[in-house]
Amino acid sequence: MRADRLLSLVLLLRNRGRMSATALARELEVSTRTVLRDVEALSTAGIPVYAERGRDGGFALLPGFTTDLTGLTVEEAKALLAAGAAATPAALGMAPAFASAMRKVSAAMPDTHRSAATRVAERVLVRQGGWLTDPSHEAYLGLIQQVVFAGRRLRLRYAARGSESRWRTVDPIGLVNAGGRWYLVATHRGSERTYRLSRIQDAVELDEPARRDPVVDLAGIWDRRRSEFRALHESVAAIVRVRAERREDLLGSVLSAASETRADGWITAEVEFGDAAHAGGVLWMLGEDAELLGPESLREGIRLRASGMADRHRAARPVPEPG
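Here the structure is a predicted model, which is why all the values come from computation and not from measurement.

Draft legend 1. Region of the structure containing the pairing of strand S9 (residues 236-243). As judged from the 8 bridges shared by S9 and strand S11 (residues 266-273), these two strands associate in the antiparallel manner. Looking at S11, one finds that Val-242 is bridged to Ile-267. Bridging between S9 and strand S12 (residues 290-294) involves 4 bridges; their strand directions are antiparallel. Its bridge partner lying in S12, Arg-241 is registered against Glu-291.

Dropping the structure here:
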């Protein structure tokens, strides 16, 4: 089971010190890619695993970290695992187990390292509601998380909505998981900015300390940025019917949701989209598992988009020869 493997990984680092991904993979009898995913899950859960670069680099635990991790219950181990996923422990019904596990981790650390771990934890925020979300792949989550925790500057190539990608150097403040999507909160030329990780096309850690305050109110920054974002967009209220198993996909992609009714495996919800384009993107993502019931202006937009797609693919086209 993965929970057992996570505990084994931490015990290896505790007992042997710094180890490369290749060495860990050999010991755990998994691929190096699996090791990297497991390290990311542990780090997100609050276990102080960090990477050391260079010829003799590898993964290590924060100096002074000791704990009897075999004392974790199965539910506590599962909660730590869940914390590395996009869902929150509370959403998975594991909040008590997660809190208990993290108390054991925290209690096992010396005061100085406990303070450092607390400061690191303040750099990650999990919220249910997102902004304007669609399916995404966050290829640079591990690297950016490491940069945030280490307090390093970051060079990234980012494509803002409707714009060409370009390089910029930012000072990371923290990471936010909202609606199942990851966002980087950072300053660029002294101004607060929010970057969706799925739009980051390349990222490079710089050997420079980030220019940021030692104490951060990440929740306050996030709420302020989200309010500013919403103020610039004329939101659209709508009624959506969605299959029960896709409920979280819908709610994680809208600005807000109000009343819900359930019948015959379907849920009808009153939701708020950022704009018509946002509504179209979310409904297109859900496909046949959802239906936009109103307003009629949004339904017409969905019909036109579907009709245009059907027309484009109705006639067979010859496949061009390669080269």
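This is not the end of the story, as more comes after the structure.
Draft legend 2. Representation of the confidence of the model for the protein chain. Mean pLDDT for the protein chain: 75, with 68% of residues reaching 70 or above. Within the protein chain, the lowest mean pLDDT, 48, falls on helix H4 (residues 74-83), and the highest, 93, falls on strand S4 (residues 152-158). Note that pLDDT drops below 50 for residues 81-95; the model gives that stretch 22 contacts with residues more than four away or on any other chain. The low-confidence segment residues 129-136 (pLDDT under 50) makes 39 contacts with residues lying over four places distant or belonging to another chain.

Draft legend 3. Molecular detail of unusual backbone geometry. A cis geometry characterises the amide bond from Gly-294 onward to Pro-295, with omega recorded as 5 degrees. Position of Pro-295 among the secondary structure elements: in the loop between S12 and helix H11 (296-314). For Glu-29, which is not glycine, the phi torsion reads 60 degrees and is therefore positive. As for its placement among the helices and strands, Glu-29 is situated in the loop between helix H2 (21-28) and helix H3 (32-45). Take Glu-29: its relative accessible area is 74%, and that puts it in the exposed class.

Draft legend 4. Representation of the packing of helix H10 (residues 276-286) against H11 within the structure. Their axes nearest at 10 Å, the elements H10 and H11 cross at an angle of 55 degrees. With respect to each other, H10 and H11 are oriented oblique. In this structure, H10 meets H11 at a crossing whose hand is right-handed. Here Ala-276, Ala-279, Gly-280, Gly-281, Leu-283 and Trp-284 of H10 come into contact with H11, specifically with Leu-298, Ile-302, Arg-305, Ala-306 and Met-309. Tallied by class, residues from the contact of H10 with H11 come to 8 nonpolar, 2 polar and 1 charged.

Draft legend 5. Seen up close, the sheet that holds strand S10 (residues 256-263). Spatial strand order, S10-S11-S9-S12: 4 strands in an open sheet with antiparallel pairing. Only two strands of the sheet have a single neighbouring strand rather than two, namely S10 and S12. Pairwise comparison of adjacent strand axes, ignoring direction, gives a mean angle of 25 degrees for this sheet. Along the sheet, H11 makes contact with S9 and S12, crossing S12 at roughly 140 degrees.

Reading guide: rules and limits
Residues numbered from 1 in each chain as written. Predicted model: local features only at pLDDT ≥ 70, side-chain atom pairs only at ≥ 80, totals over all residues. Heavy atoms only, no water. Pairing = 2+ DSSP bridges. Helix = DSSP H or I, 4+ residues; strand = E, 2+ residues; numbered from the N terminus. pLDDT = per-residue confidence, 0-100. Contact = heavy atoms within 4.5 Å. Buried < 20%, exposed > 50% of the residue type's maximum accessible area, 1.4 Å probe, protein only. Axes fitted to C-alpha atoms, helices over the stretch in contact; angles between N-to-C directions. Parallel < 35°, antiparallel > 145°, perpendicular 65-115°, else oblique. Left-handed = near helix turned anticlockwise from the far one by under 90°. Nonpolar A, V, L, I, M, F, W, Y, C, P; charged D, E, K, R; others polar.

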